[in-house]
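# Results of the structural survey
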Amino acid sequence: MNRDEVRAALLKALVDVAPEIDAAALVAAKPLRRQVDLDSADWLNFLVAVHQAIGVDIPDAVAARLDTLDKLVDWCAQRSAAA
Amino acid sequence: MIEFRLPAMGSDMDQGTLLEWRVQPGDRVVRGQVLAVVDTAKAAIEVECWHEGIVHALLAKPGVTLPVGSLMAVLRAEGEDADEVTRSLAQRTGPEAGPIAPVPMPVAPVPQAVPAAAAAATPGERPRISPAARRRARELGIDPVRLAGHAGGGAVSLHDVEAAAQSAARPPASAVAVATAAGGARAHAMRQVIAAAMSRSKREIPHYYLAEDIAFERAAAWLAERNQGLPVSERLLSAAVLLKAVALALRRCPEFNGTWRDGGFVPGAGVHLGVAVAMREGGLVAPALHDVPTLDLATLTRALLDLVKRTRAGALRSSELADATITVTNLGDQGVGSVLGVIYPPQVALVGFGRVAQRPWVTGDGGLRAAPVVTATLAADHRASDGHRGALLLAEIRELLQEPDALDAREETR
């Protein structure tokens, strides 16, 4: 999966758990959870949806570091390339 | 003849608009089956039926707003004669048939503000569309009648709506879509029902408040250990730990679990925790997790995730909005230290949690160090309980949180 495909999959997963958000207006370099007000249940739902969509399981400790869409895309793209 | 009437889904609901039927005459219905989708000020809700039988006649028409208690459909029991049911139904003319007719008042603000999505949908041409898709279409100002559905039976799915939204060039708004007329109308309607319920609460319920700082060190360590190496689909949420502690504590302090009706306390039939979920477009909904003491933490986490997801997608069931026996609000994710809540009538208590944070903590031997601490609060109805019992409830929650293994266990008997 290339970065664009990963990004599209992540955005779809995000809209899946938070249908109210406007994914087009997200700033990829800014902290994601603050932009779209994801609580801990939304966040875990998002991680589960990402896993279902692209088969990448982001560990708890890593997920805390991946606070922007850009970082999430980088990490997932790298992981899915390695798999 | 079995009557299917519009249930009150929460004390703040007095009417609902039928969006669609999920069954047709002749269908066999099992207990708990969703028969209809009804829109309320807070959300589109899947209305369950708690009888078994065969759908005899659907009386309410989609698009019509009905007061709570209106006869919506008639079922016949197994073996009941269809002609007999038709006859007894025919006898129900006059006042009894009244509620079936449209309510002649300008009730639903949503259709008026959303000419595209709601008003265009007259009964005959109403599209089949999932609640989540309908809600999204409203937010985007898209008319679902014009959408081609690709889900089962040609129904319009959320994906269809998203695809339509992407093909229509529209200027980006904020990251949280609240600016559409539809979102605004929903937010306004929700504010009205919240205003009514909270005003009633403060008018009628003599609240008292208690707070307790609770060491979360053992629970946090236990969670970290359990979650380590678990696939994301099996990971546990700390919110589930807090909810389970509340549920088990209520077993020992049952006077906080139930409702105040007609001048007296009515104990809850089970421990059904209403979980406050803040909506991004404004307002909140507190659907119920049922029989929480009987769930282990893995099951409870999955149930909580599912409930939050369906709340956001507008796919809640009537029972989830009708029968919470207490509300739990967790504002810790937003970073506040504690919350002193307003009770959701006719419930008699609300338990709140703030953020789990590192704070100075005096240990048993008089030492001082940093440890994860959470502040639990109780807002309770002084008509139903006293401060001493409230303190016992918080103390129970505190002790339960020190024994995560015991918390995880399922309660076998109710």
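Calculation rules
Residues numbered from 1 in each chain as written. Chains lettered and ligands numbered in written order. Predicted model: local features only at pLDDT ≥ 70, side-chain atom pairs only at ≥ 80, totals over all residues. Helix = DSSP H or I, 4+ residues; strand = E, 2+ residues; numbered from the N terminus. Buried ≥ 20, exposed ≤ 12 C-beta atoms within 10 Å, placed from the backbone. Contact = placed C-beta atoms within 7 Å. Rg over C-alpha atoms; globule rule 2.2 N^0.38 Å. Core = buried A, V, L, I, M, F, W, Y, C linked by C-beta atoms within 7 Å. Domains from an automatic or database assignment. Axes fitted to C-alpha atoms, helices over the stretch in contact; angles between N-to-C directions. Parallel < 35°, antiparallel > 145°, perpendicular 65-115°, else oblique. Left-handed = near helix turned anticlockwise from the far one by under 90°. Pairing = 2+ DSSP bridges. Expected span 1.5 Å × (residues − 1). Arc of directions from axis to C-beta.

### A short note on the overall build of chain B
In terms of helices and strands, chain B carries twelve helices and 20 strands. Taken across its 414 residues, chain B has 43% of its residues classed as buried. Of the contacts made within chain B by residues no fewer than 6 positions apart, 66% connect residues no fewer than 24 positions apart.

### Examining the overall build of chain A
Helix and strand content of chain A: five helices and zero strands. In chain A, the order of α-helices and β-strands from amino to carboxyl end is α-α-α-α-α. What you see for chain A is a C-alpha radius of gyration of 11 Å, in line with the 12 Å of a compact globule of 83 residues. The dimensions of chain A, computed from C-alpha atoms along their principal axes, are 30 × 25 × 20 Å. Expressed as a percentage of its 83 residues, the buried residues of chain A come to 37%. Considering only contacts in chain A between residues 6 or more positions apart, those separated by 24 or more positions represent 68%.

### A closer look at the nonpolar core
Ranked by size, the top nonpolar core spans 112 residues in total, and within it Leu243, Val246, Leu273 and Leu304 of chain B carry the most contacts. Of all the elements, helix α8 (residues 238-252) of chain B adds the most residues to this core, at eleven residues. Mapping this core onto the domain boundaries places at least three of its residues in each of domain 1 (2-100) and domain 3 (207-408) of chain B. Not counting residues within four places of it along the chain, the set of residues in contact with Leu304 of chain B comprises Ala41 of chain A together with Leu237, Ala239, Ala240, Val275 and Leu289 of chain B.

### What to know about the packing of α8 of chain B against helix α9 (residues 297-313) of chain B
Residue and element names in this part refer to chain B. Orientation of α8 relative to α9, taken along the N-to-C sense of each, is 110°, at an axis distance of 9 Å. As the angle between them shows, α8 and α9 are arranged roughly perpendicular. Along the contact surface, α8 presents Ala239, Ala240, Val241, Leu243 and Lys244, while α9 presents Leu297, Leu300, Thr301 and Leu304.

### Quick notes on the packing of helix α1 (residues 3-17) of chain A against helix α3 (residues 40-54) of chain A
Residue and element names in this part refer to chain A. Closest axis-to-axis distance for the α1/α3 pair is 9 Å, and the angle between their directions is 135°. By the angle between their axes, α1 is oblique relative to α3. When the axes of α1 and α3 are compared, the crossing they make is right-handed. Residues Val6, Ala9, Leu10, Lys12, Ala13, Leu14, Asp16 and Val17 of α1 pack against Asp42, Asn45, Phe46, Ala49, Val50, Ala53 and Ile54 of α3.

### Some words on the pairing of strand β18 (residues 349-353) of chain B
Residue and element names in this part refer to chain B. Within β18, five of the five residues are buried, which leaves the element mostly enclosed by the surrounding structure. A two-sided burial pattern is seen for β18, the buried positions comprising Ala349, Val351 and Phe353 on one face and Leu350 and Gly352 on the other. When β18 meets strand β20 (residues 368-381), the two strands line up antiparallel, connected through five bridges. Following the sheet pairing, Leu350 is matched in β20 by Ala379.

### Points about the sheet that holds strand β8 (residues 71-76) of chain B
Residues and elements named next belong to chain B. Taken in spatial order, the four strands of this open sheet run β1-β8-β6-β3, and their pairing is antiparallel. Looking at the sheet topology across the chains shown, the edges are occupied by β1 (2-5) and β3 (28-29). Bridge count between β1 and β8: four bridges; the pairing is antiparallel. Bridge pairing in β8 places Arg5 opposite Leu71. Each of β6 (53-58) and β8 is contacted by helix α1 (residues 82-90), which is oriented at about 155° to β8, the strand it contacts most.

### Some remarks on the sheet that holds strand β7 (residues 65-67) of chain B
All names here are of chain B. Read across the sheet, five strands follow the order β7-β2-β4-β5-β16 without closing on themselves; strand pairing throughout is mixed. Strands at the two margins of the open sheet, each flanked by one partner only, are β7 and β16 (316-317). Sheet topology places strand β2 (residues 15-21) next to strand β4 (residues 33-39); four bridges connect them, and they run antiparallel. Paired with Glu20 across the bridge in β4 is Val37.

### As for α8 of chain B
Helix length check: α8 of chain B (15 residues) gives 22 Å between terminal C-alpha atoms against 21 Å at 1.5 Å per residue, within 8%. Counting buried positions over the 15 residues of α8 of chain B gives 13, a clear majority of the element.

### Observations concerning helix α5 (residues 69-82) of chain A
All names here are of chain A. Between its first and last C-alpha, α5 extends 20 Å over 14 residues, near the 20 Å set by a 1.5 Å rise per residue. Among all positions in α5, only Leu69, Leu72, Val73, Cys76 and Ala77 are buried. For α5, the arc enclosing every buried residue in end-on projection is 125°, short of the 170-degree limit, so these residues lie on one face. Among the exposed residues of α5, those oriented more than 90 degrees off its buried face are Ala81 and Ala82.

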